[in-house]
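Fold and contact review
Take a look at the letters that make up each chain.
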Amino acid sequence: MVKISLEKINDFFAAVAAHGTLYIPVDTSAGAKYEKWENGKKLSDALNTVRSPKDFFFPQTENLMEFKTEGNKIEIIDTRTEHEDFVVFGVRACDVKSFEVLDKVFLSEPVDSFYKNRREHAVTVSLACTKPHETCFCGTFGIDAAEPGGDVVCYKTADALFLDAKTEKGEKLLASVVSVTEKAEKADEAEVEEQKKTVRDRLSKLPLANLKADAFGDGKTSKFFNAPEWKELSESCLGCGTCTFVCPTCQCYDIKDFNTGSGVKRFRCWDSCMYSDFTKMSAGQPRLTQLERFRQRFMHKLVYFPTNNDGMFSCVGCGRCINKCPIQMNIVKVMKKLGGGENG
């Protein structure tokens, strides 16, 4: 483990940026968001960015290929390029876990080469939480906010930043910034351990600390699919899709073709299972009612995904949907209503 004084954190950022593009969370009028680091940009103290860092690997829109036509001839142009090396700093434990969820989708056969390209070129530097919010419930899914994953794990104290490499990528990154860091002493490591205990104590006192997912998971489709509670839960939903766009694990997308006048560009963009035209086919929409669409979203998070992915839930308890839903309907309310006594 190495450390650097917070007074010299810009020196650390500059050293990292010298070896690859660096992105950090910064404050904006719309909340914290990731931006490319440049001298003078200050690290945000916000717990989480408004939108998750999944954008780095699964962007909201991206070009897939182009077509050029000349008479009856069609030329297919592969628009992929090798991605630049980059570092994402300040990723919270919940968002680090979300990458594992996305990997299950995009790195399974057939592998999504666009996603794979970005993942291979990225170094994830996580940042342990110190002041979790009342909307946090990452512990429900076995995530430790005080001990995030990532290539490098950072712990921020009152006056220093401690960095611990966890992978070969992480070790390479810390080796490249050795000129601005120093080895942590035993007293420093003890301070970090004490901070972890403090954070875990705070987590245990949060309003959602006792929320359990035990009622859900693998093989529970028949138990919940026809539950009468779906009607009441879905009645207030606007179908706006806000929850899906701020969610770090939602992976639905649509693929469209755009006529440029001189050819065609094929691109993909995020979509939402909450929309009435989602997966609409020539035969119509497979989920005709808001109840069916609402049920699909939460059954996928809590039942379908863990059934198909060794019990892994497709929610990481980041709390973004709680903060952003305009009618305060979210996965926590669904879990409490359907899970009954198993949710404390």
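This text gives an overview of the structure that appears in the document. (Residues numbered from 1 in each chain as written. Predicted model: local features only at pLDDT ≥ 70, side-chain atom pairs only at ≥ 80, totals over all residues. Heavy atoms only, no water.)

1. Observations regarding the overall build of the chain
When its secondary structure is counted, the chain shows eleven helices and twelve strands. Computed over its C-alpha atoms, the radius of gyration of the chain comes to 22 Å, within 12% of the 20 Å expected for a compact globule of 344 residues. With the C-alpha coordinates of the chain rotated into their principal frame, the extents come out at 65 × 65 × 40 Å. Every one of the 344 residues in the chain was classed for burial, and the buried ones make up 49%. At a minimum sequence separation of 6, the contacts of the chain that also span at least 24 residues come to 70%. Carbon and sulfur atoms provide 49% of the accessible area of the chain, an area that totals close to 17300 Å². Charge centroids of the chain, computed over 48 positive and 49 negative side chains, lie 4 Å from each other. (Helix = DSSP H or I, 4+ residues; strand = E, 2+ residues; numbered from the N terminus. Rg over C-alpha atoms; globule rule 2.2 N^0.38 Å. Buried < 20%, exposed > 50% of the residue type's maximum accessible area, 1.4 Å probe, protein only. Contact = heavy atoms within 4.5 Å. Areas by Shrake-Rupley, 256 points an atom, 1.4 Å probe, with all protein chains shown as cover. Lys, Arg positive; Asp, Glu negative; His and termini not counted. Charge placed at Lys NZ, Arg CZ, Asp CG, Glu CD.)

2. Overview of the pattern of salt bridges
This model, assessed by the stated rule, comprises 22 salt bridges. Here Arg268 and Asp112 are joined by a salt bridge, their closest N and O atoms 2.7 Å apart. Linking Arg268 in strand S12 (residues 264–270) with Asp112 in the loop between helix H2 (93–106) and helix H3 (113–121), this pair joins segments that are 156 residues apart in sequence. This pair shows no difference in class: Arg268 is buried, exactly as Asp112 is. (Salt bridge = Lys/Arg side-chain N within 4 Å of Asp/Glu carboxyl O.)

3. Examining the sheet that holds strand S5 (residues 73–78)
What the four strands build is an open sheet, ordered S5-S4-S12-S11; its pairing is antiparallel. Two strands close off the open sheet at either side, each with one partner strand: S5 and strand S11 (253–259). Neighbour-to-neighbour, the strand axes of the sheet open up by a mean angle of 25°, direction not taken into account. Both strand S4 (residues 61–70) and S12 contribute to a ladder of six bridges, which runs antiparallel. Across the sheet, Glu62 pairs through a bridge with Arg268, a residue of S12. (Pairing = 2+ DSSP bridges. Axes fitted to C-alpha atoms, helices over the stretch in contact; angles between N-to-C directions.)

4. What about the sheet that holds strand S3 (residues 33–36)?
Strand order in the open sheet formed by eight strands is S3-S2-S6-S7-S8-S9-S1-S10, and the pairing between neighbours is mixed. The outermost strands of the open sheet, each flanked by one partner alone, are S3 and strand S10 (182–183). Both strand S1 (residues 2–5) and strand S9 (residues 160–165) contribute to a ladder of four bridges, which runs antiparallel. Pairing of Ile4 across the sheet is with Leu161, part of S9. Those strands touched by helix H5 (residues 186–204) are S1, strand S8 (152–156) and S9, and its axis lies near 85° from that of S8.

5. Regarding the environment of Leu338
If you trace the backbone, Leu338 turns up in helix H11 (residues 331–339). The class for Leu338 is buried, based on a relative accessible area of 13%. A C-alpha to C-alpha distance of 9.1 Å links Leu338 and Phe216, two positions 122 residues apart in sequence.

6. Focus on the pairing of S3
Remark: a regular strand shows side chains that alternate across the two faces of the sheet. The pairing of strand S2 (residues 21–26) with S3 spans four bridges and is antiparallel. Within S3, the residue paired with Val26 across the bridge is Lys33. Hairpin connection from S2 to S3: six residues lie between these consecutive antiparallel strands, with Gly31 at a positive phi of about 110°.

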